[in-house]
Amino acid sequence: MEVQGVTPRSEDYSRWYTDVVKMADLADYAPVRGCMIIKPYGYELWENIKSGLDRRFKATGHQNAYFPLFIPMSFIEKESEHIEGFAPELAVVTHGGGKKLDEPLAVRPTSETMIGYAFAQWINSYRDLPLLINQWANVVRWEMRPRLFLRTTEFLWQEGHTAHATADEAKEETMRMLETYADFAANDAAIPVIAGEKSASEKFAGAEKSFTIEAMMGNTWALQSGTSHYLGRNFARAFDIKFLNEENELEYCHTTSWGVSTRMVGGIVMAHGDDKGLRLPPRMAPIQVVIVPIWRTDDQKDLVMGAIEGVNRTLTDAGVRVHVDRREGITPGFKFNDWEMRGVPVRMEVGPRDVESGTVVIARRDVPGKDGKRTLSQQELEVAIPQLLVEIQDHMLAQATEFRDAHLHRAGSYDELKDIVKDGWALIPHCNTKECEEKIKSETKASSRCYPLEENKGWNAGEATCPVCGKPAAGLAYFSRAY
Ligand SMILES: [Zn+2]
């Protein structure tokens, strides 16, 4: 039996992505257009994303809660920009229990309104603030051009919602969660992101300011991978979220919201994958070490499987996620290719000769060929494997960072921008107007990604003008093709 490989990434990026997602058993399309069935391997990847984020949310003082899936239409309509932004993507329930409903119910596209309603009940005085809540849930936004994990009508996410006494505290929270996302992306997902502010036309419907982490995929396109919004008093006014301050006066709260979704799974696939398929950073990998037994006779099988039992126990006790490939009637070569395609960071081979010498042979997914192969004694595995996983994690972040940095460029003119965005991101002084963004989009297919925080720190707009339209520049913005 031959392993049917994925379409090489270098040949057709789009087909490669779909092949990897399907053949690595991450997900499949559902009978309902735009929806996906997340398979166990893909779901475990999501669970690892979840636990990495959840741990960070709790460490920064947030608590999880759950709010209803159905939101009265009148709630969504309360914040004028919010309804304008979300109306085209809403799924609306008009009937229930065989009867037409008095008021239609929106299937939540996001929960600012429902949580705003709850916050108004929960908050009375300054002593109730800050209120720091997170929800893990599914949301629905009608999707015309679905792509597995990247754009689906229903997707899984977390949405953080917080209320604060002052604008400064709410802004601090907005930035703290943006940094939390950037930290997760770099240290757990091995994706170095660019954190920045969204342009005026790309900000969240109802927000004062929206911030984003933008990740570079293997084809240099950008993927918006998480957002954090400062909502000012917009939702507090719409939902009457007030508190009694220390002077006993009623004031509106300042609120924030922030989210990361199952898009992140697609981001991990596209940031790290290669011609052979997935490459998973160890912290995210559902299986960190796969053990492939090699034997010909039944005696050898008993010997090899016995040794593997011991190795499996040692590694599991050391906190490593191990899988023993016990499938019979399949060659080791087939198994090697299969696990390579599924992106398992370390493959371990154990044959009769290894048992005799008390060793195993390991192969790294991130270092192809002979260079990634090594023989280890069984006694050192307990220490060596966790160390190796850290080394692989760091190497993958370094590779992704090197790739990203090689494709970030400053553009001095519109012509330069046009050239750069064919294979990278262009940083230009931009006017932050919708008309100019649309002109660039229609002529180059590149969109405004963000005003990166780092690059704008030391930059003074001064007399700078937008090289595309000549208007005064608002800041330095990245433009690129994007998902
Ligand atoms: Zn312009």
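Structure first, text after, so check above.
The present account deals with the structure reproduced in this document.

Cut-offs applied
Residue numbers here run from 1 along each chain, matching the order of that chain's written sequence. In keeping with the model being predicted, local features are shown solely for residues with a pLDDT of at least 70 and side-chain atom pairs are shown and tallied solely at 80 or more, while totals for entire chains, interfaces and linings include all residues. Side-chain measures here rest on the full set of heavy atoms in the structure, leaving out hydrogens and waters. In this scheme, a residue with accessible area under 20% of its type's maximum is buried, one over 50% is exposed, and one in between is partly exposed, where area comes from a 1.4 Å probe on protein chains only. For helices the rule is a DSSP run of H or I covering at least 4 residues; for strands it is a run of E covering at least 2, with both sets numbered from the N terminus onward. In short, DSSP must find at least two bridges between two strands for them to pair. Note on definitions: angles span 0 to 180 degrees between N-to-C directions of axes, and those axes are lines fitted to C-alpha atoms, for helices only across the stretch in contact. Throughout, a contact is declared for two residues whenever any of their heavy atoms are within 4.5 Å. Using a 1 Å grid laid over the protein atoms alone, points where a 1.4 Å probe fits but cannot get out form a cavity; open sets with protein on both sides within 12 Å along at least 5 of 7 lines form a pocket; any residue with an atom within 4 Å of a point counts as lining. Grid points are joined across faces, edges and corners, and a volume is the space filled by probe spheres set on the points. Throughout, the ten residues Ala, Val, Leu, Ile, Met, Phe, Trp, Tyr, Cys and Pro are labelled nonpolar, Asp, Glu, Lys and Arg are labelled charged, and all others, Gly among them, are labelled polar.

**A word on the pairing of strand S14 (residues 254–261)**
No. 1: For S14, the tally of buried residues reaches eight of eight residues, placing the bulk of the element in the interior.
No. 2: Of the two faces of S14, the one lined by His254, Thr256, Trp258 and Val260 and the one lined by Thr255, Ser257, Gly259 and Ser261 are each fully buried.
No. 3: Across eight bridges, strand S8 (residues 154–164) lies against S14 in antiparallel orientation. Each residue of the ladder has a partner; that of Gln158, found in S14, is Val260.

**Observations concerning the sheet that holds strand S19 (residues 373–377)**
No. 1: With respect to topology, five strands assemble into an open sheet ordered S16-S15-S17-S18-S19, the strand pairing being mixed. Two strands in the sheet have a free side with no partner beyond their single neighbour: strand S16 (322–324) and S19. Neighbour-to-neighbour, the strand axes of the sheet open up by a mean angle of 25°, direction not taken into account.
No. 2: In terms of strand pairing, strand S15 (residues 289–293) meets S16 through three bridges, oriented parallel. Residue Val289 lies in a different strand from S16, and its bridge partner there is Val322.
No. 3: On the sheet, helix H10 (residues 332–341) packs against S15, S16 and strand S17 (346–350) and is oriented at approximately 170° with respect to S15.
No. 4: Contacts from helix H12 (residues 381–406) reach S15, S17, strand S18 (359–364) and S19 within the one sheet, and its direction differs from that of S18 by about 10°.

**Digging into empty space enclosed by the protein**
No. 1: By the definition in use, this model includes two cavities of 30 Å³ or more.
No. 2: One number sums up the size of the largest cavity: a volume of about 70 Å³.
No. 3: Glu112, Ile115, Gly116, Phe119, His161, Thr162, Leu231, Phe235, Ile241, Thr255 and Thr256 together form the lining of the largest cavity.
No. 4: Mapped onto the lining of the largest cavity, the elements with two or more residues apiece are helix H5 (112–122), S8 and S14.
No. 5: With four residues, H5 is the single largest residue contributor to the lining of the largest cavity.
No. 6: For the lining of the largest cavity, the residue count by class is five nonpolar, five polar and one charged.

**Quick notes on the layout of surface pockets**
No. 1: Of the volumes computed, that of the largest pocket is approximately 1600 Å³.
No. 2: Residue assignment for the lining of the largest pocket shows that the elements contributing at least two residues are helix H4 (80–86), S8, strand S11 (222–232), S14, helix H14 (434–444) and strand S22 (447–452).
No. 3: Here the residues of the lining of the largest pocket sort into 13 nonpolar, 15 polar and 18 charged.
No. 4: The space that makes up the second largest pocket amounts to roughly 290 Å³.
No. 5: Surrounding the second largest pocket, Ile294, Trp295, Arg296, Gln300, Pro332, Glu349, Val350, Gly351, Pro352, Arg353, Asp354 and Val361 form its lining.

Shape descriptors only; they carry no functional weight alone.
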